[in-house]
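Results of the structural survey
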Amino acid sequence: MTELEHTYIQTNGVRLHVVQAGPPDGPPVILLHGFPEFWYGWHHQIPALANAGYCVWIPDQRGYNLSDKPQGLDAYNIDVLAADVIGLIDAAGRERACVVGHDWGAAVTWRVANRFPHRIAKAAVLNVPHPYVMGKYIRRSWRQMRRSNYIAYFQIPALPERMLAADNWQPMVAALKRTAPTGLFSDDDIARYRSAWSQPGAMTAMLNWYRAFVQRPVSWSPSPRVKPPMMMIWGTADAALAAEMAPLSMELCDNGRLHLLEGVSHWVQHQASEEVNRLLLEYLAE
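Residues numbered from 1 in each chain as written. Predicted model: local features only at pLDDT ≥ 70, side-chain atom pairs only at ≥ 80, totals over all residues. Heavy atoms only, no water.

Thoughts on the pattern of salt bridges
Scanning all chains against the criterion turns up 13 salt bridges. Put simply, Arg111 and Asp79 hold a salt bridge, and the shortest N to O gap is 2.6 Å. You can see Arg111 sitting in helix 3 (residues 104-115) and its partner Asp79 sitting in helix 2 (residues 78-91), a full 32 residues away along the chain. Measuring nitrogen to oxygen at the nearest pair gives 3.8 Å for the salt bridge that ties Arg119 to Glu95. A residue pair is termed long-range when its members are at least 10 positions apart, and Arg119 in the loop between helix 3 and strand 6 (120-126) and Glu95 in the loop between helix 2 and strand 5 (97-102) qualify at 24 residues. By relative accessible area, Arg119 is classed as buried at 9%. You can call Glu95 exposed: its relative accessible area is 53%. Within the structure, one salt-bridge network assembled from shared partners comprises Asp79, Arg111 and Arg115. (Salt bridge = Lys/Arg side-chain N within 4 Å of Asp/Glu carboxyl O. Helix = DSSP H or I, 4+ residues; strand = E, 2+ residues; numbered from the N terminus. Buried < 20%, exposed > 50% of the residue type's maximum accessible area, 1.4 Å probe, protein only.)

Right, here's the structure in full:
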């Protein structure tokens, strides 16, 4: 059993709940979860990384679970989210760290690697394309536009929160299970997610990530390119995101590699946890 330490760290004007594991003097690795998860979304990866000697930090990103939930869309601009990660690296007393992200955590990882290449030793993303690629692809792909119609729904103020919370979060549970293989999320997993979603103000803050993405778009000037080493792991059976965006994202990396996991869903770190752990450990050790 890997020992987990729960702490709170002040960064970029917010207090983030951060779970820590592994030797404090080990090479630093920050794991960034996505929607609708929280730090627990990495529970398959934490022991593998910690036991390999890495100092692993797993925050509840702002707006999620036990972390602060500032109001307003400007608080969830992707540049603000990226600055949170740099603040964590500073709080760890490190000059650089490896950052790994899934879903929205991957979008933040892309931005951190783009804007702060000198602070990133290596980066890895799971099942989310470069946001620059996503923005261009969705405008020319009717299929991807249909897959992403939930983003438009999330732009409506207040209503999505009330709908998703109905009947003890049953619509959220149904959506999670609909996009995953049968039985992937246990009853215990679902209970943990329900607890996180029920934190005061959490669902509005979580949806504000989507609202800020649409209503507070960022500039990729002067270049969307990513200079630090970048590994992408992509489950090809993702119900929400087209796999065609994976190689397009790699074209924007100076030093990128892509691993396609055939038949694996969006929840790649859960469904193919052993393969994801192997790829991460091999990549980080190089």
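Examining the layout of surface pockets
Taken as a whole, the largest pocket spans an internal volume of roughly 810 Å³. Lining the largest pocket are 31 residues, and of these Phe35, Tyr150, Phe154, Tyr210 and Ala240 lie nearest its centre. Listed by contribution, the elements that provide at least two residues to the lining of the largest pocket are helix 3, helix 4 (131-140), helix 6 (149-154), helix 8 (166-178) and helix 10 (202-215). Roughly 510 Å³ of internal volume is contained in the second largest pocket. Together, 24 residues line the second largest pocket, and Gly135, Ile138, Arg139, Phe213 and Val214 are the ones closest to its centre. Secondary-structure elements contributing two or more residues to the lining of the second largest pocket are helix 4, helix 6 and helix 10. In terms of residue count, helix 4 provides more of the lining of the second largest pocket than any other element does, seven residues in total. Across the lining of the second largest pocket, the residue classes tally to 17 nonpolar, four polar and three charged. (1 Å grid on protein atoms, 1.4 Å probe; cavity = no way out; pocket = protein on both sides within 12 Å on 5 of 7 lines; lining within 4 Å. Points joined across faces, edges and corners; volume = space filled by probe spheres on them. Nonpolar A, V, L, I, M, F, W, Y, C, P; charged D, E, K, R; others polar.)

Let's talk about a nonpolar patch on the surface
Nonpolar side chains collect at one region of the surface, where Ile156, Leu159 and Met163 lie side by side and expose about 230 Å² of accessible area between them. Here Ile156 shows up in the loop between helix 6 and helix 7 (159-164). The exposure class assigned to Ile156 is partly exposed, which follows from its relative accessible area of 35%. (Patch = residues over 30% accessible without salt bridge, like charges linked within 9 Å, V, L, I, M, F, W, Y side chains within 5 Å. Areas by Shrake-Rupley, 256 points an atom, 1.4 Å probe, with all protein chains shown as cover.)

Looking at the sheet that holds strand 3 (residues 28-32)
Pairing within the open sheet is mixed, and its eight strands lie in the order 1-2-4-3-5-6-7-8. Only two strands of the sheet have a single neighbouring strand rather than two, namely strand 1 (5-11) and strand 8 (256-261). Neighbouring strand axes in the sheet, compared pairwise and without regard to direction, differ in orientation by 20 degrees on average. Here strand 3 runs beside strand 4 (residues 55-59); their pairing, made up of three bridges, is parallel. Along strand 4, the bridge assignment pairs Pro28 with Cys55. (Pairing = 2+ DSSP bridges. Axes fitted to C-alpha atoms, helices over the stretch in contact; angles between N-to-C directions.)

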